Amino acid sequence: DGGITQSPKYLFRKEGQNVTLSCEQNLNHDAMYWYRQDPGQGLRLIYYSQIVNDFQKGDIAEGYSVSREKKESFPLTVTSAQKNPTAFYLCASTAGGRVYGYTFGSGTRLTVV
Amino acid sequence: AQSVTQLGSHVSVSEGALVLLRCNYSSSVPPYLFWYVQYPNQGLQLLLKYTTGATLVKGINGFEAEFKKSETSFHLTKPSAHMSDAAEYFCAVSFMDTGRRALTFGSGTRLQVQP
């Protein structure tokens, strides 16, 4: 079955550490996205990529980095520069074009300890 | 400025009652509109979408929404609530008059269904 796989489901990070969240899709989708979810704030866009080797900053890109070396993969690194990283992170993909809705992964919950 | 507003962070209804979740957007150009549902600790699932054509769109699980250009609204309704409808619902918008090729989400509405 096609879908998006996010791993790990739960992640604990010590302050000052970088961590990388994995997002893999086998839907042959061109576009991929990372959103951050905090209670009462909905989903906020971190980064997105329309094609391989290209990506754009979203609304809250500071303290995060991404790469898009393969169509199937769009990993997100939460760096030590992100001052409040504890959140639920969601990856999504779409075939491309504004008319399509997104397919979402099941999310990664990151907690700073 | 373009924005998406969901009125009411929490809505509570009785089982069998009408569900109405409100979404308004701010844009000079009619956007594409989406409703998603999220169950605890899961990703989001697409309920329905409006792009062009008929302004009343039907989705999964008996939900429907109507695009009203004059009111810049896209409210989600369901005639009779079930216990299984308890979840968080997000309105999302693809603004057509920008280069931004990503959805903008509202802050969400948590639906409680009382027995």
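Here, the structure is the one placed above.
Residue numbers restart at each chain and count upward from 1, following the sequence in its written direction. The order in which chains are written sets their letters, starting at A; the order in which ligands are written sets their numbers, starting at 1. pLDDT decides what is reported in this predicted model: residues at 70 or higher carry local features, side-chain atom pairs at 80 or more are listed and counted, and totals for whole chains, interfaces and linings draw on all residues regardless. No hydrogens and no water enter the side-chain calculation; it runs on all heavy atoms of the structure.

1. Let's talk about the pattern of salt bridges
Thinking step 1. We define a salt bridge as a contact between a side-chain nitrogen of Lys or Arg and a carboxyl oxygen of Asp or Glu at a distance within 4 Å. As enumerated under the stated definition, the model contains six salt bridges over all chains in all.
Thinking step 2. Here Arg-36 of chain A makes a salt bridge to Asp-38 of chain A, at a shortest N to O gap of 2.8 Å.
Thinking step 3. Of the charged contacts, one joins Asp-85 of chain B and Lys-78 of chain B as a salt bridge, the two residues approaching to 2.9 Å between their closest N and O atoms.
Thinking step 4. Throughout this description, buried means an accessible area under 20% of the type-specific maximum (1.4 Å probe, protein chains only), exposed means over 50%, and partly exposed covers the range between. Judged by its relative accessible area of 6%, Lys-78 of chain B falls in the buried class.
Thinking step 5. Put simply, Arg-36, Asp-38 and Arg-44 of chain A are held in one network by salt bridges that share partners.

2. Description of the layout of surface pockets
Thinking step 1. Put plainly, a pocket is an open set of points on a 1 Å grid over the protein atoms alone with protein on both sides within 12 Å along at least five of seven lines, a cavity is a set where a 1.4 Å probe fits but cannot get out, and a lining residue has an atom within 4 Å of a point. Grid points are joined across faces, edges and corners, and a volume is the space filled by probe spheres set on the points. In this structure, the largest pocket occupies an estimated 360 Å³ of space.
Thinking step 2. For the largest pocket, the lining is made up of 23 residues, of which Gln-37 and Pro-39 of chain A together with Gln-38, Glu-88 and Arg-110 of chain B are closest to its centre.
Thinking step 3. Looking at the lining of the largest pocket, the elements with two or more residues in it are β9 (87–94) and β11 (108–112) of chain A together with β10 (87–94) of chain B. Only DSSP runs of H or I with at least four residues qualify as helices, and only runs of E with at least two residues qualify as strands; both kinds are numbered from the N terminus onward.

3. Structural notes on the packing of aromatic side chains
Thinking step 1. A pair of Phe, Tyr and Trp rings is counted when the ring centres sit within 6.5 Å of each other, with Trp represented by its six-membered ring. The angle between the planes then sorts it: under 30 degrees is stacked, over 60 is edge-to-face, the rest tilted. Throughout the structure, instances matching the rule amount to 14 aromatic pairs over all chains.
Thinking step 2. Seen from their ring centres, Tyr-33 of chain A and Tyr-102 of chain A are 4.3 Å apart, and the 20° between their planes marks the pair as stacked. With Tyr-33 of chain A in strand β4 (residues 31–37) and Tyr-102 of chain A in the loop between β9 and β10 (103–104), this residue pair connects regions lying 69 residues apart in the sequence.
Thinking step 3. Geometrically, the ring pair formed by Phe-104 of chain A and Phe-105 of chain B is edge-to-face, given 6.1 Å between the ring centres and 75° between the ring planes. In this pair, Phe-104 of chain A is assigned in strand β10 and Phe-105 of chain B in strand β11 (residues 104–105), connecting two distinct chains.
Thinking step 4. Three or more aromatic residues joined by ring pairs make a cluster, and in this case those are Tyr-33, Tyr-35, Tyr-48, Tyr-102 and Phe-104 of chain A together with Phe-34, Tyr-36 and Phe-105 of chain B.

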